Amino acid sequence: MAEAMAAIAPVGVRTGCRMIRDGDEAHLLPNEAHSIPVRQPAMRRASGAARWIAHGLLAELGVKDVAILRTPSGAPVWPDGIIGSLAHDDHMAMAAVAPVGHIASLGIDVEPALPLPGEILVLVATPADRTDAADRHLAGRLLFAAKEAVYKAVYPLDREVLGYEDITVDLNAGRATTKTGRKVGLVYGVVPRVVVLAFVERKAR
């Protein structure tokens, strides 16, 4: 999965992933742990795993020992000059980071490679969405992950809460558009999990 995402990520974007393990909450730096009020052990383990990956990616960029705090909205706070995104499901954690440059913002989401339940799909899909290029069994899950990733990418730029109906996804073309007019690029993989990386290019609006 790590090699597959690295192969399709835009130039300059570093990605990483690994399975969540017992004790991963210990990877949270003290300030990070304080900023994450979640008391459930599983959630803290997932947050620790995702941040451990992100710390490693940041170190590759020469940024070390920087806490990635959680805002009240749930979004991570990145160091100056860095953009990024975190994600996890019940078993895998992921992170994507890049220096500020031709890409203005990132969003990533990971989901199990299973069909999306019908009751959730009706909330997520709109008639304008295009998923023909995707495996039909996973098209709904990809659509869900894409809209989650797009939201993560655009919220830091627009500070506007969007519903699923406010994001139109075209998996065939690898892009999405929000009701605010924001244009977002998409890349994705489906083995062994569904992963979508969304990115906003600077001035792409």
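Look above for the structure.
The written sequence of each chain sets the order in which its residues are numbered from 1. A pLDDT threshold of at least 70 governs which residues receive local features in this predicted model, and a stricter bar of 80 or more applies before side-chain atom pairs are shown or counted, although totals over entire chains, interfaces and linings include all residues. As a rule here, side-chain values cover all heavy atoms of the structure and leave hydrogens and water aside.

Participant: Pulling in residues and values, what's your account of the side chain of Ser105?
Facilitator: For the purposes of this entry, the term helix denotes a DSSP run of H or I that reaches at least four residues, the term strand denotes a run of E that reaches at least two, and both are numbered from the N terminus. Tracing the backbone through its elements, the reader meets Ser105 in strand 4 (residues 103–112). Within the structure, Ser105 has its side chain in polar contact with the backbone oxygen of Ala153 (distance 2.6 Å). In what follows, residue pairs with any heavy atoms lying within 4.5 Å of each other are defined as contacts. Once you skip the residues sitting within four places of it in the chain, Ser105 turns out to touch Ile83, Lys152, Ala153, Pro156, Leu157, Ala198, Phe199 and Val200. For this analysis, a polar contact is any N or O atom pair within 3.5 Å, provided that within protein one partner can donate a hydrogen and the other can accept it, and provided that sequence-adjacent residues contribute only side-chain to side-chain pairs.

Participant: Which residues make up the sheet that holds strand 1 (residues 14–19), and what values do they have?
Facilitator: Strand pairing is assigned whenever DSSP identifies at least 2 bridges connecting the two strands. Strand order in the open sheet made by the 3 strands is 1-3-2, with antiparallel pairing throughout. Only two strands of the sheet have a single neighbouring strand rather than two, namely strand 1 and strand 2 (82–88). Pairs of neighbouring strands in the sheet enclose a mean axial angle of 10 degrees, with direction left out of account. As defined by bridge partners, strand 2 adjoins strand 3 (residues 92–99) across 7 bridges and the pair is classed as antiparallel. Bridge assignment links Ile82 to a residue of strand 3, and that residue is Pro99. Fitting a line to C-alpha atoms yields each axis, with helices limited to the stretch in contact; the angle taken between N-to-C directions then spans 0 to 180 degrees. Against the sheet, helix 3 (residues 41–60) touches strand 1, strand 2 and strand 3, its axis set at about 30 degrees to strand 3.

Participant: Describe the nonpolar core, listing the residues and the values that go with them.
Facilitator: Nonpolar cores were defined as sets of buried Ala, Val, Leu, Ile, Met, Phe, Trp, Tyr and Cys residues, with membership established by side-chain atoms within 4.5 Å. Under the scheme applied here, a residue whose accessible area is under 20% of the maximum for its type counts as buried, over 50% as exposed, and between as partly exposed, the area being computed with a 1.4 Å probe on protein chains only. Within the largest apolar cluster, 25 residues are counted, with the highest numbers of intra-cluster contacts made by Val150, Val169 and Leu186. Only helix 5 (139–158), strand 5 (167–170), strand 7 (183–189) and strand 8 (193–201) provide two or more residues apiece to this core. When residues in this core are grouped by element, the largest group, 10 residues, is from helix 5. Excluding anything up to four places from it in sequence, Val169 contacts Ala128, Asp129, Arg130, Leu143, Ala146, Lys147, Arg175, Ala176 and Leu186. Counting 19 residues, the second largest nonpolar core, distinct from the first, contains Cys17, Ile83, Val187 and Phe199.

Participant: How would you explain helix 5 if you had to name every residue and give the values?
Facilitator: Expected helix span is taken as 1.5 Å per residue step, with the number of steps being one fewer than the number of residues. Compared with the 28 Å implied by 1.5 Å per residue over 20 residues, the 27 Å span of helix 5 between its first and last C-alpha is a close match. Counting buried positions along helix 5 gives 14 out of 20 residues, so the element sits mostly inside the fold. Arg159 sits one or two positions beyond helix 5 and adopts a positive phi of about 50 degrees.

Any functional reading would require information that these geometric values do not contain.
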